[in-house]
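Here are the chains, one letter per residue:
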Number of protein chains: 2
Amino acid sequence: MDKKELILSAAMKLFGIKGFEGTSVRDIAAEAGVNPAMISYYFGSKEKLLESLVEYKAAYMKGVFAELVDNKSLKPIEKLDIVIDRYINRIFEGPQFHHLLSRELSLERRYQMKDAIAEILLRNISSAKRIIQQGIDSGEFREVDTELTMTSILGTITYLLSSEIMCRKMLQKGKEFNPYQSKKLRERLSDHLKKMIRAHLELKDN
Amino acid sequence: MDKKELILSAAMKLFGIKGFEGTSVRDIAAEAGVNPAMISYYFGSKEKLLESLVEYKAAYMKGVFAELVDNKSLKPIEKLDIVIDRYINRIFEGPQFHHLLSRELSLERRYQMKDAIAEILLRNISSAKRIIQQGIDSGEFREVDTELTMTSILGTITYLLSSEIMCRKMLQKGKEFNPYQSKKLRERLSDHLKKMIRAHLELKDN
DNA sequence: AAAAATTAATTAAACGTTTGTTTAATTCAA
DNA sequence: TTGAATTAAACAAACGTTTAATTAATTTTT
C-alpha cells in the first residue's frame, strides 16, 4: 500500500472515531507511519484530505441500488428487502465512514462538502424511493409517504448503530457486547425492519 | 440573565452548530459578550463547561414520560401518539442540543460524559418501551421487538432532522425551506410515524 | 450610617502548548 | 543528472488556561 493510501486509511479511522477537528495531522501521520509534512505534500491541506477521503470512499457507493430498480423478476417488496439488507451490511462493515458523514452533515461548516455528502447519500436513497413508488403504482403497496418511509428505514439503522454505548443500553446488553460484530443483531435488525415495512406498506386485504 | 447563563447559552449554540472541538473558548466568550477568562473562572475548564451544559439541560428532560406510563384512562396506542408528538416537538424546538448529544455519543472520547448522556436519553426511552409492552401484554399490540420499535420512532425523527441540507434534499425542497420552522413538516412527520406505528403494532384482525 | 475591610467579579496580558503548514536540506528512484 | 519523495526543523497563529492587577459588591467594624 502506498503512502497516499496509508494516510487515507489512517485519516478514515481517526476522523471516524475522534472527529475532524479532534484529529491532528500529527495524529494521522503517526497512525499512518509517515512524516506529518507528507499530508500537505500529497493532499495540500488537512481539509483537502477530508475532501479526498470522501471522494475516495464515495466511489464504492456509486449506484448500488440503480440496477435493482429496473429488475423485472423481483417484486417491489423483495427489492426493498434487498435494500434493507445491503444498507445494514454496509454500515455494519464500516461504521466509521458513516459516522464521519453524519457528523459532518450535522455541523454548520464546510457547506460545499456537506452538499457533496448529501448528494452521495441521496443517490441511493432516490433509487429506493422509486422502488416504493413502483409498489404504489402497481397497487401492491398502500399510498404511503415515500420520503418518510425511506427516512424510517435509514433512521432505524443509523440510530441503532450511532454509538456503541447507546446501542448496548438500548438493548440492555453488557459491556462485552459488540454491536458491530454481532451477527445476531444484524439479523434482528433486518427482521424487525422487514416486518415493520411490510405492515406499513402492504394492503390490509392481502 | 447573569454571566454564567450567558456563557451556557452561548456554548449551547456554538457547540451545537460547530461542535465541541470546533468551538474555541474565545468564540464562546465573544458570543456571550464576556471575557474569555470568565469561562475558566466559572466552570474550571472548557470540558467542564460542556459537562455543566449537559447537566443543566438534562434537568428539563427529567422523566417527561414517566407519568404517562401509569395513566389508566389512555389506551397504549394513544400514549404512543403522545410520546411521538412530544419527541417531535422537543427536537423541533431545540435541535442544537440534540445534535450536540448525538455527536458526542458518536465520538470515541469523553466516555464518562457519553455514559451520562446515554442515561439521560434512556430514561425517557425506557418509559416509552414500557408503554409498548403494556399494549402487548393487554393483547392490543402484536408481539413486536419493543426495543427496535422504539429505535424506529426515534431514528425516523433524528435522521430527518439531523441536518437541514439532507432534509431539504430528501424532501426535494428548495433553499428557502427551513425544516425546523415548518409546521407542515411537523404534522407530516407526526402523521407518518403514527400511521406506520399503528400498522406495525395493531393486530391484523382489528 | 459611614468607613474600613474583605470577598467576589472582571479585565488585559501573558503563559506554555499545540495547531496546520512551510522551508530547506537530503535521500531516493528513474 | 534530474525530479520526486522524504525528512527534521522552524513558522506563525490559535489554542486553553493562568496570572496579577483592578473594579465592584458585600460584609464587618466603628
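How each quantity is defined
Residues numbered from 1 in each chain as written. Chains lettered and ligands numbered in written order. Predicted model: local features only at pLDDT ≥ 70, side-chain atom pairs only at ≥ 80, totals over all residues. Heavy atoms only, no water. Near = heavy atom within 4 Å. Polar contact = N/O pair within 3.5 Å; in protein donor to acceptor, adjacent residues only side chain to side chain. Helix = DSSP H or I, 4+ residues; strand = E, 2+ residues; numbered from the N terminus. Nonpolar A, V, L, I, M, F, W, Y, C, P; charged D, E, K, R; others polar. Expected span 1.5 Å × (residues − 1). Buried < 20%, exposed > 50% of the residue type's maximum accessible area, 1.4 Å probe, protein only. Arc of directions from axis to C-beta. Contact = heavy atoms within 4.5 Å. Buried area = accessible area lost by both parts, 1.4 Å probe. Salt bridge = Lys/Arg side-chain N within 4 Å of Asp/Glu carboxyl O. Domains from an automatic or database assignment. Phe/Tyr/Trp six-rings, centres within 6.5 Å; stacked < 30°, edge-to-face > 60°. Lys NZ or Arg CZ within 6 Å of the ring centre and 35° of its normal. Axes fitted to C-alpha atoms, helices over the stretch in contact; angles between N-to-C directions. Parallel < 35°, antiparallel > 145°, perpendicular 65-115°, else oblique. Left-handed = near helix turned anticlockwise from the far one by under 90°.

1. Focus on the protein's contact with DNA strand D
As a matter of local geometry, DNA strand D sits amid 15 residues, with Y41(A), V25(B), R26(B), S45(B) and K46(B) nearest to it. The sugar-phosphate portion of DNA strand D accounts for 55% of its atoms within 4 Å of the protein, the bases making up the rest. Contact distances for DNA strand D include 2.8 Å between a phosphate oxygen and a backbone N or O atom of V25(B). In this structure, a base nitrogen belonging to DNA strand D sits 2.8 Å away from a side-chain N or O atom of R26(B). Counting only elements with at least two residues in the surface near DNA strand D, the list comes to α3 (37–43) of chain A together with α2 (25–32) and α3 (37–43) of chain B. If one sorts the elements of the surface near DNA strand D by residue count, α3(A) sits on top with four residues. For the surface near DNA strand D, the residue count by class is six nonpolar, five polar and four charged.

2. Some points on helix α4 (residues 46–58) of chain B
Residues and elements named next belong to chain B. Under the 1.5 Å per step criterion, the end-to-end length of α4 is 18 Å for 13 residues, consistent within 8% with the ideal 18 Å. Within the sequence span of α4, burial applies to L49, L50, L53, V54 and A58. Buried residues of α4 fall within an arc of 165° about the axis and therefore sit on the same side. On the buried face of α4, the contacting elements are α1 (3–18), α2, α3, α7 (95–106) and α8 (111–137).

3. So, the side chain of S152(B)
Assignment of secondary structure puts S152(B) in helix α9 (residues 146–160). Reaching out from S152(B), the side chain makes a polar contact with the side chain of T156(A) at a distance of 2.9 Å. A polar contact is formed between the side chain of S152(B) and the side chain of H192(A), at a distance of 2.8 Å. Those residues in contact with S152(B), other than ones at most four positions away along the chain, are T156(A), H192(A) and M196(A).

4. A few points about the interface of chain A and chain B
Each side of the interface is counted separately: chain A has 50 residues, and chain B has 50 residues. A buried area of about 4,700 Å², summed over both sides, lies between chain A and chain B, and 64% of it is on carbon and sulfur atoms. On inspection of chain A and its partner chain B, the count reaches eight salt bridges. For the pair chain A and chain B, the number of links is 24 residue pairs in polar contact (both at pLDDT 80 or more). For the side of chain A that touches chain B, the secondary structure elements donating two or more residues are α1 (3–18), α7 (95–106), α8 (111–137), α9 (146–160), α10 (164–170) and α11 (183–201) of chain A. The element that contributes the greatest number of residues to the side of chain A that touches chain B is α9(A), accounting for 12 residues. Here the residues of the side of chain A that touches chain B sort into 20 nonpolar, 16 polar and 14 charged.

5. Describing the protein's contact with DNA strand C
Near DNA strand C there are 15 residues, and of these V25(A), R26(A), S45(A), K46(A) and Y41(B) occur at the shortest range. Within 4 Å of the protein, the contacting atoms of DNA strand C are 51% sugar and phosphate, with bases supplying the remainder. Contact distances for DNA strand C include 3.1 Å between a phosphate oxygen and a side-chain N or O atom of Y42(B). Secondary-structure elements contributing two or more residues to the surface near DNA strand C are α2 (25–32) and α3 of chain A together with α3 of chain B. The element best represented in the surface near DNA strand C is α3(B), accounting for four residues. Class assignment of the residues belonging to the surface near DNA strand C gives a composition of six nonpolar, five polar and four charged.

6. Thoughts on the domain arrangement of chain A
Residues and elements named next belong to chain A. Along its sequence, chain A is organised into domain 1 (3–45) and domain 2 (62–201). Put simply, the middle of domain 1 and the middle of domain 2, counted by C-alpha atoms, are 29 Å apart. Taken together, the contact between domain 1 and domain 2 spans eight residues of the former and nine residues of the latter. Both faces combined, the contact of domain 1 with domain 2 buries some 630 Å², and carbon together with sulfur accounts for 56% of it. Taken as a group, M12, G16 and E21 account for 56% of the area that domain 1 buries against domain 2, more than any other trio of residues on that side. Put simply, domain 1 and domain 2 have two salt bridges between them. For the salt bridge of E21 with R109, the shortest nitrogen-to-oxygen distance reads 3.4 Å. The tally of links between domain 1 and domain 2 comes to four residue pairs in polar contact (both at pLDDT 80 or more). Broken down by class, the residue content of the side of domain 1 that touches domain 2 amounts to four nonpolar, two polar and two charged.

7. Observations concerning the packing of aromatic side chains
Residues and elements named next belong to chain B. Evaluated as defined, the whole model comprises four aromatic pairs over all chains. Taken together, a centroid distance of 5.3 Å and an interplanar angle of 70° make the contact between Y41 and Y42 edge-to-face. On the accessibility criterion, Y41 (63% relative accessible area) is exposed. Judged by relative accessible area, Y42 falls into the partly exposed class, the value being 33%. The ring of F177 has K173 sitting right over it, with the charged end atom 5.2 Å from the ring centre.

8. Observations regarding the packing of helix α6 (residues 76–93) of chain A against α8(A)
Residue and element names in this part refer to chain A. The geometry of α6 relative to α8 is characterised by a closest axis approach of 9 Å and an angle of 155° between their N-to-C directions. Accordingly, the angle class assigned to the pair α6 and α8 is roughly antiparallel. In this structure, α6 crosses over α8, and the sense of that crossing is left-handed. Across the interface between the two elements, P76, K79, L80, V83 and R90 from α6 touch N124, A128, I131, I132, Q134 and G135 from α8. Of the residues assigned to the contact of α6 with α8, the class counts are six nonpolar, three polar and two charged.

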